[in-house]
Amino acid sequence: MSFSADWLALRERCDLLARNRTVLDAVVAACRRQSSIAVVDLACGTGATLRALRGHLPAQQRWRLVDNDLGLLAKAAALARPPELTVATTPVDLARDLELALDGPLDLVTASALLDLVSPEWLERLVVEAAARRLPVYAALTYDGRVVAEPGEPFDAEMVAGLNRHQLTDKGFGPALGPKAAASALECFARAGYQVVQGRSDWLLGGEDREIQETLFASWAELAPLTTRLSRREIALWLADRRRHLAQGRSTLRIGHI
């Protein structure tokens, strides 16, 4: 699957604020003795991970941005960048050709908001291939199923349960890990001999995040007829209530990530 450039732009600020500092410090520590670094970013979108990490890594950086969406890769390739930063964009179907994405000299593998979309089998492939190459992996912003909307409404629990059921459907890699992805990744990497550093990276959305809250609530309402037992009237009432809280500046939303 792919995401629109508009959605990726909308979420980038939330992602940046949510990135866990302890985990980021571990990435920095893993690279601190290097004067230059080669990074591959899996499912790169428009390059948000590069923008988030660039200032934390050694000055001389070579990035390989990998995605199956040529439109997103074109936007990533058009980024303005300093001369010490080299960026190559590579179209790869990660479901089929993960090994190709990891070929060549590399120092770090990164991925953001990816692991909850992949299957257990694909995750195992990633761990095996990265471990065989002795590559550190920075996997950020994995959704873990926790959602708290305030003020609360009667159908919130059913809507979140429906969202989490949808997260388990096939996103192009086979039936997805969804909210189980973070725990599965921690187990897989530890079993492969990795030292694992983890931390919460929750989105904390408030009054200044009205547009992304509206987008999320509308998308959950669109899914709900397929993923919940709520009637269309109940779903419409829920969405109207959530929009009312947004309009009044009262809506807050915590979305759990690891």
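The sections below set out a description of the structure shown in this document. Residue numbers run consecutively from 1 along every chain, following the written order of its sequence. Side-chain atom pairs in this predicted model are given and counted only at pLDDT of 80 or more, local residue features only at pLDDT of at least 70, and totals for whole chains, interfaces and linings cover all residues. Values shown for side chains rest on all heavy atoms present in the structure; no hydrogens or waters enter the calculation.

1. Some details on the packing of helix α1 (residues 5-18) against helix α9 (residues 210-227)
Axis definition: a line fitted to C-alpha atoms, limited for helices to the stretch in contact. Angles are taken between N-to-C directions and run from 0 to 180 degrees. We count a stretch as a helix when DSSP gives it H or I for four or more residues in a row; a strand needs E for two or more, and each element gets its number in order from the N terminus. For the pair α1 and α9, the least separation of the axes is 10 Å and the interaxial angle reads 120 degrees. One element, α1, and the other, α9, form an angle in the oblique class. By crossing handedness, the relation of α1 to α9 is classed as left-handed. Facing α1, whose interface residues are W7, L10, R11 and C14, α9 presents E211, I212, T215 and L216. Grouping the amino acids of the contact of α1 with α9 by side-chain chemistry returns five nonpolar, one polar and two charged. Here is the rule for angles: anything less than 35 degrees is roughly parallel, anything more than 145 is roughly antiparallel, 65 through 115 is roughly perpendicular, and the remaining ranges are oblique. Note on convention: the crossing is left-handed when the near helix lies turned anticlockwise from the far helix by less than a right angle, right-handed when the turn is clockwise. Note on contacts: a residue pair qualifies if any of its non-hydrogen atoms lie within 4.5 Å across the two residues. Three classes are used, and their members are as follows: Ala, Val, Leu, Ile, Met, Phe, Trp, Tyr, Cys and Pro are nonpolar, Asp, Glu, Lys and Arg are charged, and the others, Gly among them, are polar.

2. Focus: the side chain of D116
The residue D116 is located in the loop between β4 (108-112) and α6 (120-132) in this model. Polar contacts, as used here, are pairs of N or O atoms within 3.5 Å; protein pairs need one atom able to donate a hydrogen and one able to accept it. Residues neighboring in sequence count only if both atoms are side-chain atoms. Of note is the side chain of D116, whose polar atom sits 3.2 Å from the backbone nitrogen of Y143. Leave out the neighbours within four places in its chain, and D116 touches L141, T142, Y143, Q167, A176, L177, G178 and A181.

3. Things to note about the packing of aromatic side chains
What counts as a ring pair is set by centres within 6.5 Å for rings of Phe, Tyr and Trp (its six-membered ring), and what kind of pair is set by the plane angle: stacked under 30 degrees, edge-to-face over 60, tilted for all other angles. This structure, assessed with the given rule, holds five aromatic pairs. Members of the aromatic cluster, connected to one another through ring pairs, are F217, W220 and W238.

4. Focus on helix α8 (residues 181-191)
Helical periodicity: at 3.6 residues per turn, an α-helix aligns residues three or four positions apart in one direction. Accessibility here uses a 1.4 Å probe with only protein chains present; expressed as a share of the type maximum, an area under 20% marks a residue as buried, one over 50% as exposed, and anything in between as partly exposed. For α8, the complete set of buried residues consists of A181, A182, A185, C188 and F189. Buried positions in α8, seen along its axis, are confined to an arc of 130 degrees and lie on one side of it. Among the exposed residues of α8, those pointing more than 90 degrees away from its buried face are A183, E187 and R191. On its buried face, α8 sits against α6 and β5 (137-140). Positive backbone phi, approximately 100 degrees, marks G193, located one or two places after α8. Our arc is simply the arc of the directions from the helix axis toward the C-beta atoms.

These values are about where atoms sit, not about what they do.
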